[in-house]
Amino acid sequence: MTGFASGRARGTAPAPTETELRLLRRAAEYLGGQRLALLTGAGLSTDSGIPDYRGPDAPPRNPMTYQQFVGDPVLRRRYWARNHVGWHHLRHAVPNSGHSAVVELEHRGLLSGVITQNVDRLHTDAGSVNVVDLHGRYDRVVCLACHSGFSRSEVAELLEELNPGYLDRPRHDGEIAPDADADVVDTEDFVVADCPVCGGMLKPDFVYFGENVPKDRVARAFSMVDDAGALLVAGSSLTVMSGLRFVRYAAKADKPVVIINRGATRGDPLATLKIDMGVSTALSWLARNLPDLPAPQDQPAD
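Note that residues are indexed from 1 along each chain, following the sequence as it is written. Two thresholds apply to this predicted model, a pLDDT of at least 70 for residue-level local features and 80 or more for giving and counting side-chain atom pairs, whereas whole-chain, interface and lining totals are computed over all residues. In computing side-chain values, all of the structure's heavy atoms are included and hydrogens and water are not.

Here's the deal with the sheet that holds strand β9 (residues 230–234)
As a reminder of what qualifies: Strands are treated as partners if at least two bridges between them are detected by DSSP. Under the DSSP-based scheme used, a helix requires at least four consecutive residues in state H or I and a strand at least two consecutive residues in state E, with every element numbered from the N terminus. Axis angles are defined between N-to-C directions and span 0 to 180 degrees, where every axis is a line fitted to C-alpha atoms and, for a helix, only to the segment in contact. Contact between two residues is taken to exist if any of their heavy atoms lie within 4.5 Å; hydrogens are not considered.
Taken in spatial order, the 6 strands make up an open sheet running β3-β2-β1-β9-β10-β11, and their pairing is parallel. Edge positions in the sheet fall to β3 (131–133) and β11 (273–275), since each has one partner strand and no second. Strand-to-strand twist of the sheet, defined as the mean angle between neighbouring strand axes without regard to direction, takes the value 15 degrees. Bridge count for strand β1 (residues 36–40) against strand β2 (residues 111–116) is 5 bridges, and the pairing is parallel. By the bridge assignment, L39 is partnered in β2 with I115. Along the sheet, helix α1 (residues 18–31) contacts β1, β9, β10 (257–260) and β11; its crossing angle with β11, the most-contacted strand, is approximately 145 degrees.

Right, here's the structure in full:
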């Protein structure tokens, strides 16, 4: 269990407009005939009902840093209260047609792998196999003292025991962020759960601002770009370096970089082609229209 409700992909992507079709055909010229590394961001999951961080319609966000989480008990209590509410809303999200398109691209052998900045695990729920969860996943919780791992469902049960009736109070006052951080007031009476093994500090197992992505995870993502002939970016503003570095890396290697996103991205100056459109629509079209890879040449006999 990922902490989300696995199931059939949500909805059908709308058809592209004529202008979008022209751009998608250009994208197919750059991407066709080679394996692709795919980098995805929050814009892919908006069709699953998960709001993005920095899209054109996203509200201003002030995410908690790692230093604040571990160093301030008041802020940590506030975070866990907000996360407790947010997780119970977002855990029912299911993959959308864009996630299904990524699965189709992988099944056809067109992807060297998926690098996702999302922590929602919807790629895996949809059926993708070769996925690097660059920023971790929020269906898992880790103890910072003994490093024991727990499912988010287990921790939810602990929090409900410690805070009976909390979810029934009318506390949700706004949108929920992609990391399940809900806009909640009156968190002073919330009780934070300690590690069931050692009593240490529990933390959602994803990368906070001010925290580094594990080196082995980054290395695996770079190897996906190395094994690809082009990089496709879908639904990321590339604001943070953790994603932008792969665009820089591919561009430096003279590999085509196609970016599909609503609104400007930090990688636009490096893109071979930038398409401003819905990610699910674009990925669905590419999954249907990109050609199969050429069959491998038979090796000559000795």
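Section: the environment of A13
Among the secondary structure elements, A13 is positioned in the segment before α1. A sequence separation of 269 residues divides A13 from A282, and the C-alpha atoms of the two residues are 8.6 Å apart. Dropping the residues within four chain positions of it, A13 is found in contact with S97, S280, T281 and S284.

Regarding the packing of aromatic side chains
The cut-off we apply is this: When two rings of Phe, Tyr or Trp (its six-membered ring) have centres within 6.5 Å they constitute a pair, described as stacked for plane angles under 30 degrees, edge-to-face for angles over 60, and tilted for the intermediate range.
By the definition in use, this model includes 9 aromatic pairs. Relative to Y208, the ring of F206 has its centre 5.4 Å away and its plane inclined at 10 degrees; by these criteria the two rings are stacked. The rings of F69, Y79, W80, Y138, F206 and Y208 are connected pair by pair, giving a single aromatic cluster.

Quick look at helix α8 (residues 241–252)
So the rule is basically this: What a helix is expected to span follows from its residue count: subtract one and scale by 1.5 Å. Relative accessibility under 20% of the residue-type maximum defines a buried residue, over 50% an exposed one, and the middle range a partly exposed one, all with a 1.4 Å probe and only protein chains included.
Along its 12 residues, α8 runs 16 Å from first to last C-alpha, staying within 8% of the 16 Å computed at 1.5 Å per residue. Every buried residue belonging to α8 is among S242, G243, L244, F246, V247 and A250, and all of these are buried. The inward-facing, buried residues of α8 abut β1, β2, α7 (215–226), β9 and β10. Positive phi appears at D254, one or two residues downstream of α8, with a value of about 60 degrees.

Re the packing of helix α4 (residues 97–107) against helix α9 (residues 279–289)
Put simply, the rule is: Reported orientations rely on four angle classes, namely roughly parallel under 35 degrees, roughly antiparallel over 145, roughly perpendicular from 65 to 115, and oblique for the rest. Left-handed is the label given to a crossing in which the near helix is rotated counterclockwise from the far helix by less than a right angle, and right-handed is the label when the rotation is clockwise.
Their axes nearest at 8 Å, the elements α4 and α9 cross at an angle of 25 degrees. Between α4 and α9, the angle is such that the two are roughly parallel. Once α4 is placed against α9, the crossing between them reads as left-handed. Every residue of α9 that contacts α4 at S97, G98, A101, V102, E104 and L105 is listed here: S280, L283, S284, L286 and A287.

Structural notes on a negative patch on the surface
Applicable threshold: The residues that make up patches have over 30% relative accessible area and no salt bridge, and they are joined within 9 Å when like-charged or within 5 Å when they are Val, Leu, Ile, Met, Phe, Trp or Tyr. Computed with the Shrake-Rupley method and a 1.4 Å probe, the accessible areas treat only the protein chains shown as cover for residues. A pair is scored as a salt bridge if a Lys or Arg side-chain nitrogen falls within 4 Å of a carboxyl oxygen belonging to Asp or Glu. For the charge count, each Lys or Arg is scored as positive and each Asp or Glu as negative, with His and the chain ends excluded. To locate a charge, the coordinates of NZ of Lys, CZ of Arg, CG of Asp or CD of Glu are taken.
A contiguous patch of negative charge, built from E154, E157, E160 and E161, is present on the exposed surface. On the basis of relative accessibility, which here comes to 42%, the residue E154 falls in the partly exposed class.

Description of the sheet that holds strand β4 (residues 136–143)
A sheet is described by the order of its strands in space; here 3 strands give the open sequence β5-β4-β8, paired in antiparallel fashion. Two strands bound the open sheet, and with one partner strand each, they are β5 (149–151) and β8 (202–206). When the angles between neighbouring strand axes are averaged without regard to direction, this sheet yields 40 degrees. Here β4 pairs with β8 via 4 bridges, running antiparallel. Within the sheet, the bridge partner assigned to V141 lies in β8 and is P204. Taken strand by strand, helix α3 (residues 73–90) contacts β4 and β8, and its axis lies near 50 degrees from that of β8.

Examining the pairing of β4
Within β4, 6 of the 8 residues are buried, which leaves it mostly tucked inside the rest of the structure. Summarising the sheet, β4 and β5 pair through 3 bridges and their orientation is antiparallel. Within β5, the residue paired with V141 across the bridge is F150.

Examining unusual backbone geometry
Its identity as a non-glycine residue notwithstanding, R121 has a phi of 65 degrees, on the positive side. Positionally, R121 belongs in the loop between β2 and α5 (122–126). The exposure class of R121 is buried, given its relative accessible area of 12%. You will see that L238, though not glycine, has its phi angle at about 60 degrees, which is positive. Secondary-structure assignment places L238 in the loop between β9 and α8.

Focus on the nonpolar core
Definition in use: For this analysis, a nonpolar core means a set of buried residues of the types Ala, Val, Leu, Ile, Met, Phe, Trp, Tyr and Cys, connected via side-chain atoms within 4.5 Å.
L31, L232, I260, L283 and L290 are the most contacted members of the largest nonpolar core, which has 30 residues in total. When residues of this core are assigned to their parent elements, the largest contribution, 6 residues, is made by α9. Apart from the residues within four sequence positions on either side, I260 is in contact with L232, V233, A234, G235, I275, M277, G278, V279, A282 and L286. Grouped together as the second largest cluster of nonpolar side chains are 24 residues, I50, F69, L122 and L159 included.

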